[in-house]
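Descriptive structure summary
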Amino acid sequence: MSKNQSLEQLRGEIDQIDSRLVELLNQRARVASDVGRLKAGQDRDFHVPSREREVHERVAGLNQGPLPSEALRSIFREIMSACLSLESPLKVAYMGPKATFSHLATMQQFGLSAQLEPQKSIPAVFEEVEKGKALYGVVPVENSTEGVVTHTLDMFVDSNLQIISEIILDIHHDLLSRTGRLEDIRKVYSHPQPIAQCRHWLEENLPNVPLVDVASTAVAAQIVSEDYTAAAIASELAASMYDLKMVRSRIEDQVNNVTRFLVISRKPAEPTGNDKTSIMFSVRDEPGILYRMLEPFARRGVNLSKIESRPVKTKAWEYIFFLDMSGHVSEAPVREAIDELKSFCQFLKILGSYPKAR
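Residues numbered from 1 in each chain as written. Predicted model: local features only at pLDDT ≥ 70, side-chain atom pairs only at ≥ 80, totals over all residues. Heavy atoms only, no water.

Remarks on the pattern of salt bridges
Opposite charge on two side chains permits pairing when their charged atoms draw close. Under the convention used in this document: One speaks of a salt bridge when a side-chain nitrogen belonging to Lys or Arg is within 4 Å of a carboxyl oxygen belonging to Asp or Glu. Under the DSSP-based scheme used, a helix requires at least four consecutive residues in state H or I and a strand at least two consecutive residues in state E, with every element numbered from the N terminus. When a residue's accessible area, from a 1.4 Å probe over protein chains only, is under 20% of the maximum for its type it is buried; when over 50% it is exposed; and in between it is partly exposed.
According to the stated counting rule, one finds 16 salt bridges in the structure shown. With its nearest N and O atoms 2.8 Å apart, the salt bridge here joins Glu166 to Arg260. Here Glu166, found in strand β5 (residues 162–170), pairs with Arg260, found in strand β11 (residues 258–265); they are 94 residues apart in sequence, far enough to count as distant. Note on Glu166: relative accessible area 7%, which makes it buried. Note that Arg181 is salt-bridged to Glu183, the shortest N-O span being 3.8 Å. Using a relative accessible area of 43% as the deciding quantity, one classes Arg181 as partly exposed. For Glu183, a relative accessible area of 53% gives the class exposed. Connected via shared salt-bridge partners are Glu142, Glu166, Arg260, Lys276, Lys306, Glu308 and Asp324.

In C-alpha coordinates:
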(Lines give C-alpha, C1' and ligand atoms only; values in the text may rest on other atoms or scores of the structure.)
Protein backbone atom coordinates (compact mmCIF):
# COMPACT_ATOMS: atom_id res chain seq x y z
CA MET A 1 0.00 0.00 0.00
CA SER A 2 1.32 3.42 -0.97
CA LYS A 3 1.56 6.05 1.77
CA ASN A 4 -0.31 8.43 -0.52
CA GLN A 5 -3.35 6.17 -0.91
CA SER A 6 -6.41 7.45 0.91
CA LEU A 7 -9.15 5.42 2.56
CA GLU A 8 -11.49 6.35 -0.30
CA GLN A 9 -8.99 5.08 -2.90
CA LEU A 10 -8.58 1.76 -1.09
CA ARG A 11 -12.33 1.33 -0.82
CA GLY A 12 -12.64 2.11 -4.52
CA GLU A 13 -10.10 -0.61 -5.26
CA ILE A 14 -12.11 -3.07 -3.17
CA ASP A 15 -15.28 -2.11 -5.07
CA GLN A 16 -13.56 -2.86 -8.38
CA ILE A 17 -12.39 -6.26 -7.11
CA ASP A 18 -15.91 -7.04 -5.85
CA SER A 19 -17.32 -6.21 -9.30
CA ARG A 20 -14.88 -8.64 -10.91
CA LEU A 21 -15.75 -11.28 -8.32
CA VAL A 22 -19.48 -10.96 -9.07
CA GLU A 23 -18.78 -11.30 -12.80
CA LEU A 24 -16.58 -14.36 -12.28
CA LEU A 25 -19.02 -16.02 -9.88
CA ASN A 26 -21.85 -15.70 -12.38
CA GLN A 27 -19.58 -17.00 -15.11
CA ARG A 28 -18.81 -20.01 -12.92
CA ALA A 29 -22.53 -20.53 -12.26
CA ARG A 30 -23.28 -20.54 -16.00
CA VAL A 31 -20.60 -23.17 -16.63
CA ALA A 32 -21.90 -25.23 -13.69
CA SER A 33 -25.39 -25.10 -15.22
CA ASP A 34 -23.95 -26.36 -18.52
CA VAL A 35 -22.32 -29.23 -16.61
CA GLY A 36 -25.67 -30.04 -15.01
CA ARG A 37 -27.45 -30.19 -18.37
CA LEU A 38 -24.69 -32.40 -19.80
CA LYS A 39 -24.92 -34.82 -16.87
CA ALA A 40 -28.72 -34.91 -17.13
CA GLY A 41 -28.45 -35.83 -20.82
CA GLN A 42 -26.08 -38.67 -19.95
CA ASP A 43 -28.22 -39.81 -16.96
CA ARG A 44 -25.34 -39.19 -14.54
CA ASP A 45 -25.56 -38.14 -10.90
CA PHE A 46 -25.83 -34.37 -10.63
CA HIS A 47 -23.93 -34.32 -7.32
CA VAL A 48 -20.52 -35.97 -7.06
CA PRO A 49 -18.95 -35.54 -3.59
CA SER A 50 -15.50 -36.60 -4.81
CA ARG A 51 -15.50 -33.69 -7.28
CA GLU A 52 -16.17 -31.23 -4.44
CA ARG A 53 -13.23 -32.68 -2.54
CA GLU A 54 -11.00 -32.23 -5.61
CA VAL A 55 -12.01 -28.56 -5.84
CA HIS A 56 -11.26 -27.97 -2.14
CA GLU A 57 -7.84 -29.63 -2.43
CA ARG A 58 -6.99 -27.70 -5.61
CA VAL A 59 -7.98 -24.37 -4.03
CA ALA A 60 -5.93 -25.13 -0.92
CA GLY A 61 -2.95 -25.96 -3.15
CA LEU A 62 -3.26 -22.66 -5.02
CA ASN A 63 -3.63 -20.57 -1.88
CA GLN A 64 -0.68 -18.31 -1.07
CA GLY A 65 -2.43 -16.24 1.62
CA PRO A 66 -3.16 -14.10 3.43
CA LEU A 67 -6.53 -15.90 3.66
CA PRO A 68 -6.19 -19.23 5.53
CA SER A 69 -7.09 -22.33 3.51
CA GLU A 70 -9.97 -23.15 5.88
CA ALA A 71 -11.55 -19.76 5.14
CA LEU A 72 -11.26 -20.41 1.40
CA ARG A 73 -12.79 -23.84 1.94
CA SER A 74 -15.83 -22.21 3.57
CA ILE A 75 -16.14 -19.68 0.75
CA PHE A 76 -15.94 -22.32 -1.98
CA ARG A 77 -18.37 -24.58 -0.14
CA GLU A 78 -20.99 -21.84 -0.44
CA ILE A 79 -20.05 -21.12 -4.05
CA MET A 80 -20.46 -24.78 -5.00
CA SER A 81 -23.66 -25.08 -2.95
CA ALA A 82 -25.18 -22.08 -4.76
CA CYS A 83 -24.08 -23.33 -8.20
CA LEU A 84 -25.40 -26.81 -7.50
CA SER A 85 -28.79 -25.40 -6.51
CA LEU A 86 -29.11 -24.07 -10.08
CA GLU A 87 -28.88 -27.63 -11.43
CA SER A 88 -31.29 -29.37 -9.05
CA PRO A 89 -32.37 -29.01 -5.40
CA LEU A 90 -29.92 -30.91 -3.21
CA LYS A 91 -32.16 -32.35 -0.50
CA VAL A 92 -30.45 -33.37 2.74
CA ALA A 93 -32.28 -34.80 5.75
CA TYR A 94 -30.93 -34.26 9.25
CA MET A 95 -32.13 -34.76 12.82
CA GLY A 96 -33.81 -31.46 13.60
CA PRO A 97 -35.17 -29.06 14.42
CA LYS A 98 -33.24 -26.07 13.10
CA ALA A 99 -30.42 -24.59 15.20
CA THR A 100 -29.34 -28.00 16.58
CA PHE A 101 -25.76 -29.16 16.22
CA SER A 102 -26.93 -31.64 13.56
CA HIS A 103 -28.22 -28.62 11.64
CA LEU A 104 -24.84 -26.88 12.02
CA ALA A 105 -22.99 -30.01 10.84
CA THR A 106 -25.26 -30.30 7.79
CA MET A 107 -24.68 -26.66 6.86
CA GLN A 108 -20.93 -27.15 7.30
CA GLN A 109 -20.98 -30.05 4.84
CA PHE A 110 -23.51 -28.93 2.22
CA GLY A 111 -23.68 -25.13 2.46
CA LEU A 112 -26.61 -22.78 2.88
CA SER A 113 -28.03 -23.23 -0.62
CA ALA A 114 -28.83 -26.92 -0.14
CA GLN A 115 -32.40 -27.84 0.74
CA LEU A 116 -31.98 -28.95 4.36
CA GLU A 117 -34.90 -30.97 5.72
CA PRO A 118 -35.17 -31.36 9.52
CA GLN A 119 -36.53 -34.70 10.79
CA LYS A 120 -37.93 -35.67 14.18
CA SER A 121 -35.62 -38.63 14.81
CA ILE A 122 -32.64 -40.61 13.55
CA PRO A 123 -34.91 -43.36 12.10
CA ALA A 124 -36.80 -40.65 10.20
CA VAL A 125 -33.53 -39.45 8.61
CA PHE A 126 -32.78 -43.00 7.43
CA GLU A 127 -36.32 -43.37 6.09
CA GLU A 128 -36.15 -40.15 4.07
CA VAL A 129 -32.99 -41.33 2.32
CA GLU A 130 -34.16 -44.92 1.85
CA LYS A 131 -37.36 -43.72 0.17
CA GLY A 132 -35.44 -41.32 -2.09
CA LYS A 133 -37.08 -38.23 -0.60
CA ALA A 134 -33.60 -36.94 0.29
CA LEU A 135 -30.33 -37.60 -1.51
CA TYR A 136 -28.34 -37.62 1.73
CA GLY A 137 -28.89 -37.86 5.46
CA VAL A 138 -26.77 -36.54 8.33
CA VAL A 139 -26.82 -38.35 11.69
CA PRO A 140 -24.64 -38.06 14.83
CA VAL A 141 -22.61 -41.16 15.69
CA GLU A 142 -20.32 -40.22 18.60
CA ASN A 143 -19.17 -37.45 20.89
CA SER A 144 -15.65 -37.18 22.28
CA THR A 145 -17.01 -36.66 25.80
CA GLU A 146 -20.15 -38.79 25.98
CA GLY A 147 -19.28 -41.57 23.52
CA VAL A 148 -21.33 -43.37 20.89
CA VAL A 149 -24.87 -42.51 19.74
CA THR A 150 -26.42 -45.96 20.00
CA HIS A 151 -29.58 -45.13 18.01
CA THR A 152 -27.47 -44.47 14.92
CA LEU A 153 -25.50 -47.73 15.19
CA ASP A 154 -28.70 -49.72 15.70
CA MET A 155 -30.22 -48.29 12.51
CA PHE A 156 -27.47 -49.81 10.36
CA VAL A 157 -28.50 -53.35 11.38
CA ASP A 158 -31.54 -53.33 9.08
CA SER A 159 -30.61 -50.51 6.68
CA ASN A 160 -28.79 -50.89 3.36
CA LEU A 161 -27.70 -47.25 3.25
CA GLN A 162 -24.00 -46.51 2.83
CA ILE A 163 -21.80 -44.12 4.78
CA ILE A 164 -20.28 -41.77 2.19
CA SER A 165 -18.67 -39.12 4.39
CA GLU A 166 -18.00 -38.05 7.97
CA ILE A 167 -18.20 -34.59 9.55
CA ILE A 168 -16.26 -33.52 12.61
CA LEU A 169 -17.90 -30.58 14.37
CA ASP A 170 -16.41 -28.64 17.27
CA ILE A 171 -19.14 -28.44 19.90
CA HIS A 172 -19.45 -25.31 22.03
CA HIS A 173 -22.35 -25.00 24.48
CA ASP A 174 -23.68 -21.59 25.47
CA LEU A 175 -26.02 -20.77 28.33
CA LEU A 176 -28.84 -18.62 26.92
CA SER A 177 -31.80 -16.79 28.43
CA ARG A 178 -34.14 -13.88 27.78
CA THR A 179 -32.50 -11.56 30.31
CA GLY A 180 -28.87 -12.68 30.03
CA ARG A 181 -28.49 -12.65 33.83
CA LEU A 182 -27.30 -15.69 35.75
CA GLU A 183 -29.21 -14.70 38.89
CA ASP A 184 -32.58 -14.90 37.06
CA ILE A 185 -32.23 -18.60 36.21
CA ARG A 186 -34.54 -21.00 38.09
CA LYS A 187 -34.27 -24.00 35.73
CA VAL A 188 -32.12 -25.11 32.78
CA TYR A 189 -33.40 -26.92 29.68
CA SER A 190 -31.40 -28.91 27.14
CA HIS A 191 -30.89 -32.28 25.48
CA PRO A 192 -29.40 -34.89 27.88
CA GLN A 193 -26.05 -34.98 26.05
CA PRO A 194 -25.25 -31.23 26.37
CA ILE A 195 -26.35 -31.35 30.02
CA ALA A 196 -23.91 -34.21 30.62
CA GLN A 197 -21.15 -32.36 28.74
CA CYS A 198 -21.62 -29.29 31.00
CA ARG A 199 -22.21 -31.15 34.28
CA HIS A 200 -19.23 -29.77 36.18
CA TRP A 201 -19.90 -26.15 35.14
CA LEU A 202 -23.55 -26.45 36.16
CA GLU A 203 -22.64 -27.93 39.54
CA GLU A 204 -20.21 -25.09 40.18
CA ASN A 205 -22.35 -22.20 38.98
CA LEU A 206 -25.99 -23.35 39.30
CA PRO A 207 -25.81 -26.03 42.00
CA ASN A 208 -29.45 -25.98 43.10
CA VAL A 209 -31.11 -25.27 39.76
CA PRO A 210 -33.22 -28.13 38.28
CA LEU A 211 -32.01 -29.55 34.93
CA VAL A 212 -34.78 -30.48 32.50
CA ASP A 213 -34.22 -32.90 29.61
CA VAL A 214 -35.91 -32.05 26.30
CA ALA A 215 -35.75 -33.45 22.77
CA SER A 216 -33.08 -31.08 21.45
CA THR A 217 -31.11 -27.91 22.17
CA ALA A 218 -33.37 -26.04 19.74
CA VAL A 219 -36.50 -27.13 21.64
CA ALA A 220 -34.80 -25.89 24.82
CA ALA A 221 -34.16 -22.51 23.23
CA GLN A 222 -37.75 -22.30 22.02
CA ILE A 223 -39.10 -23.02 25.53
CA VAL A 224 -36.78 -20.45 27.11
CA SER A 225 -37.81 -17.79 24.60
CA GLU A 226 -41.18 -17.70 26.44
CA ASP A 227 -39.87 -18.06 30.01
CA TYR A 228 -37.85 -15.29 31.66
CA THR A 229 -36.86 -17.54 34.60
CA ALA A 230 -35.30 -20.31 32.50
CA ALA A 231 -32.10 -20.87 30.54
CA ALA A 232 -31.14 -23.18 27.69
CA ILE A 233 -27.89 -24.90 26.87
CA ALA A 234 -27.73 -24.47 23.11
CA SER A 235 -25.73 -23.03 20.21
CA GLU A 236 -25.02 -19.47 19.21
CA LEU A 237 -27.25 -20.06 16.17
CA ALA A 238 -30.14 -20.89 18.52
CA ALA A 239 -29.56 -17.62 20.37
CA SER A 240 -30.01 -15.58 17.19
CA MET A 241 -32.95 -17.67 15.96
CA TYR A 242 -34.93 -17.41 19.21
CA ASP A 243 -33.86 -13.90 20.28
CA LEU A 244 -31.96 -15.02 23.39
CA LYS A 245 -29.09 -13.35 25.22
CA MET A 246 -25.80 -14.93 26.14
CA VAL A 247 -25.50 -15.67 29.87
CA ARG A 248 -22.19 -17.52 29.56
CA SER A 249 -20.38 -18.82 26.49
CA ARG A 250 -18.57 -22.16 26.07
CA ILE A 251 -19.64 -23.80 29.31
CA GLU A 252 -18.68 -27.33 28.16
CA ASP A 253 -16.42 -29.13 30.65
CA GLN A 254 -13.99 -30.45 28.03
CA VAL A 255 -12.14 -27.94 25.83
CA ASN A 256 -11.75 -30.44 23.00
CA ASN A 257 -15.41 -31.36 22.67
CA VAL A 258 -16.25 -32.66 19.19
CA THR A 259 -19.06 -34.68 17.67
CA ARG A 260 -18.69 -36.95 14.68
CA PHE A 261 -21.55 -37.12 12.19
CA LEU A 262 -22.08 -39.55 9.31
CA VAL A 263 -23.45 -38.71 5.87
CA ILE A 264 -25.58 -41.58 4.54
CA SER A 265 -26.71 -42.27 0.98
CA ARG A 266 -28.06 -45.03 -1.23
CA LYS A 267 -24.90 -44.99 -3.36
CA PRO A 268 -21.33 -45.67 -2.19
CA ALA A 269 -18.50 -43.12 -2.26
CA GLU A 270 -15.60 -43.28 -4.67
CA PRO A 271 -12.03 -43.87 -3.41
CA THR A 272 -10.01 -40.73 -2.65
CA GLY A 273 -6.71 -42.16 -1.41
CA ASN A 274 -7.37 -41.05 2.16
CA ASP A 275 -10.33 -43.13 3.22
CA LYS A 276 -11.90 -44.97 6.12
CA THR A 277 -14.02 -48.15 6.03
CA SER A 278 -16.74 -49.07 8.52
CA ILE A 279 -18.16 -52.57 8.95
CA MET A 280 -20.52 -54.36 11.31
CA PHE A 281 -20.52 -58.08 12.13
CA SER A 282 -21.38 -60.73 14.68
CA VAL A 283 -19.27 -63.75 15.57
CA ARG A 284 -19.81 -67.07 17.30
CA ASP A 285 -19.16 -67.01 21.05
CA GLU A 286 -16.11 -69.25 21.45
CA PRO A 287 -12.64 -69.13 23.07
CA GLY A 288 -10.15 -66.82 21.36
CA ILE A 289 -12.75 -65.17 19.13
CA LEU A 290 -11.72 -61.59 19.99
CA TYR A 291 -8.14 -62.32 19.00
CA ARG A 292 -9.28 -63.94 15.74
CA MET A 293 -11.45 -60.88 14.98
CA LEU A 294 -8.50 -58.51 15.10
CA GLU A 295 -5.66 -60.69 13.85
CA PRO A 296 -6.47 -60.46 10.08
CA PHE A 297 -6.09 -56.67 10.25
CA ALA A 298 -2.92 -56.68 12.35
CA ARG A 299 -1.22 -59.17 10.03
CA ARG A 300 -1.88 -56.94 7.00
CA GLY A 301 -1.00 -53.66 8.72
CA VAL A 302 -4.55 -52.28 8.55
CA ASN A 303 -5.00 -49.66 11.27
CA LEU A 304 -8.19 -50.03 13.34
CA SER A 305 -9.40 -46.67 14.64
CA LYS A 306 -12.55 -47.72 16.51
CA ILE A 307 -14.41 -50.77 17.81
CA GLU A 308 -17.84 -50.73 19.45
CA SER A 309 -20.23 -53.49 20.49
CA ARG A 310 -24.02 -53.46 20.73
CA PRO A 311 -26.20 -56.25 22.17
CA VAL A 312 -28.24 -58.31 19.71
CA LYS A 313 -31.81 -57.44 20.65
CA THR A 314 -33.20 -60.86 19.75
CA LYS A 315 -30.64 -62.92 21.72
CA ALA A 316 -29.33 -62.38 25.23
CA TRP A 317 -25.56 -62.01 25.67
CA GLU A 318 -24.78 -61.89 21.97
CA TYR A 319 -23.25 -58.80 20.37
CA ILE A 320 -22.83 -56.95 17.10
CA PHE A 321 -19.46 -55.29 16.59
CA PHE A 322 -18.81 -52.05 14.71
CA LEU A 323 -15.31 -51.55 13.38
CA ASP A 324 -13.64 -48.54 11.70
CA MET A 325 -10.37 -48.97 9.82
CA SER A 326 -8.05 -46.90 7.65
CA GLY A 327 -8.25 -47.58 3.92
CA HIS A 328 -10.86 -48.24 1.23
CA VAL A 329 -12.53 -51.61 0.72
CA SER A 330 -11.19 -51.64 -2.85
CA GLU A 331 -7.61 -51.78 -1.48
CA ALA A 332 -6.20 -55.31 -1.23
CA PRO A 333 -5.14 -55.33 2.46
CA VAL A 334 -8.54 -54.04 3.62
CA ARG A 335 -10.52 -56.31 1.29
CA GLU A 336 -8.50 -59.42 2.21
CA ALA A 337 -8.73 -58.75 5.96
CA ILE A 338 -12.51 -58.33 5.75
CA ASP A 339 -12.83 -61.52 3.66
CA GLU A 340 -10.86 -63.48 6.26
CA LEU A 341 -12.94 -62.05 9.10
CA LYS A 342 -16.12 -62.94 7.21
CA SER A 343 -15.14 -66.62 7.13
CA PHE A 344 -15.94 -67.04 10.83
CA CYS A 345 -18.71 -64.44 11.18
CA GLN A 346 -22.39 -65.22 11.54
CA PHE A 347 -22.97 -62.16 9.38
CA LEU A 348 -20.92 -59.18 8.14
CA LYS A 349 -21.98 -55.96 6.44
CA ILE A 350 -19.78 -53.27 4.93
CA LEU A 351 -21.33 -49.94 5.97
CA GLY A 352 -19.20 -47.88 3.59
CA SER A 353 -15.78 -46.65 2.55
CA TYR A 354 -15.56 -42.86 2.63
CA PRO A 355 -13.14 -39.94 2.89
CA LYS A 356 -11.62 -39.26 6.30
CA ALA A 357 -12.71 -35.97 7.82
CA ARG A 358 -10.10 -33.25 7.92
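Description of the confidence of the model for the protein chain
Rules: Scored from 0 to 100, pLDDT records how confident the predictor is in each individual residue.
Averaged over all residues, the pLDDT of the protein chain equals 90, while 96% of them reach at least 70. Mean pLDDT values over the elements of the protein chain span from 82, in helix α2 (residues 49–62), up to 98, in strand β6 (residues 174–177).

Some words on the packing of aromatic side chains
Geometrically, a pair of aromatic rings is defined through the distance of the ring centres and the angle of the planes. Using the following cut-off: Side-chain rings of Phe, Tyr and Trp (the six-membered ring for Trp) are treated as a pair once their centres are within 6.5 Å; stacked means planes under 30 degrees apart, edge-to-face means over 60, and tilted covers the remaining angles. Distance and angle both matter: a charge sits over a ring if NZ of Lys or CZ of Arg is within 6 Å of the ring centre and within 35 degrees of the ring normal.
Summed over all chains, the structure comprises three aromatic pairs. Relative to Tyr136, the ring of Phe110 has its centre 5.4 Å away and its plane inclined at 20°; by these criteria the two rings are stacked. Of this pair, Phe110 sits in helix α4 (residues 101–110) while Tyr136 sits in strand β3 (residues 136–143), and the two are 26 residues apart along the sequence. A cation over an aromatic ring shows up here: Arg292 above the ring of Phe344, its NZ or CZ 4.6 Å from the ring centre.

Observations regarding the pairing of strand β14 (residues 319–326)
Stated precisely, the cut-off is as follows: Whether two strands pair depends on DSSP finding at least two bridges between them.
Of all eight residues making up β14, six are buried, and the element is well covered by its neighbours. When strand β12 (residues 275–283) meets β14, the two strands line up antiparallel, connected through six bridges. Bridge pairing in β14 links Met280 to Phe322. In terms of strand pairing, strand β13 (residues 304–311) meets β14 through seven bridges, oriented antiparallel. Along β14, the bridge assignment pairs Pro311 with Tyr319.

Concerning a nonpolar patch on the surface
Our working definition: Residues with no salt bridge and a relative accessible area higher than 30% make up the patches, which join like charges within 9 Å and nonpolar side chains (Val, Leu, Ile, Met, Phe, Trp, Tyr) within 5 Å. Residue burial considers only the protein chains on display, and all accessible areas are found by Shrake-Rupley using a 1.4 Å probe.
The grouping of Ile17, Leu21 and Leu25 at the surface amounts to a nonpolar patch, some 240 Å² of accessible area in total. Positionally, Ile17 belongs in helix α1 (residues 7–41).

Quick notes on the environment of Ser282
Operational definition: We call two residues in contact whenever any of their non-hydrogen atoms come within 4.5 Å of each other.
Within the fold, Ser282 resides in strand β12. Each C-alpha atom of the pair Ser282 and Lys349 lies 9.5 Å from the other, and the pair is 67 residues apart in sequence. Beyond its immediate chain neighbours, meaning those up to four positions away, Ser282 contacts Tyr319, Cys345, Gln346 and Phe347.

With respect to the environment of Val247
The topology assignment puts Val247 in strand β10 (residues 245–248). As for Val247 and Ile233, which are separated by 14 residues in sequence, their C-alpha atoms are 10.0 Å apart. Aside from chain neighbours lying at most four places away, what touches Val247 is Leu175, Leu176, Ser177, Gly180, Arg181, Leu182 and Ile185.

Quick notes on α1
To be explicit about the condition: Multiply 1.5 Å by the residue count of a helix minus one, and that product is the helix's expected span.
The end-to-end C-alpha separation of α1 is 51 Å, in line with the 51 Å expected for 35 residues at 1.5 Å each. When α1 is considered as a whole, its buried residues turn out to be Ala29, Ala32, Ser33, Gly36 and Lys39. Buried residues belonging to α1 abut α3 (69–87).

Details of the nonpolar core
Put simply, the rule reads: As used in this record, nonpolar core signifies buried Ala, Val, Leu, Ile, Met, Phe, Trp, Tyr and Cys residues forming a set joined through side-chain atoms within 4.5 Å.
If you look at the biggest cluster of nonpolar residues, it comprises 22 residues, and the most contacted ones within it are Phe126, Phe156, Ile264 and Phe322. Every element with two or more residues in this core is listed here: α5 (122–130), β3, β11, β14 and β15 (345–355). Per-element tally for this core: the top contributor is α5, with four residues. In this structure, Val92, Ala105, Val138 and Ala269 belong to the second largest nonpolar core, which totals 19 residues.

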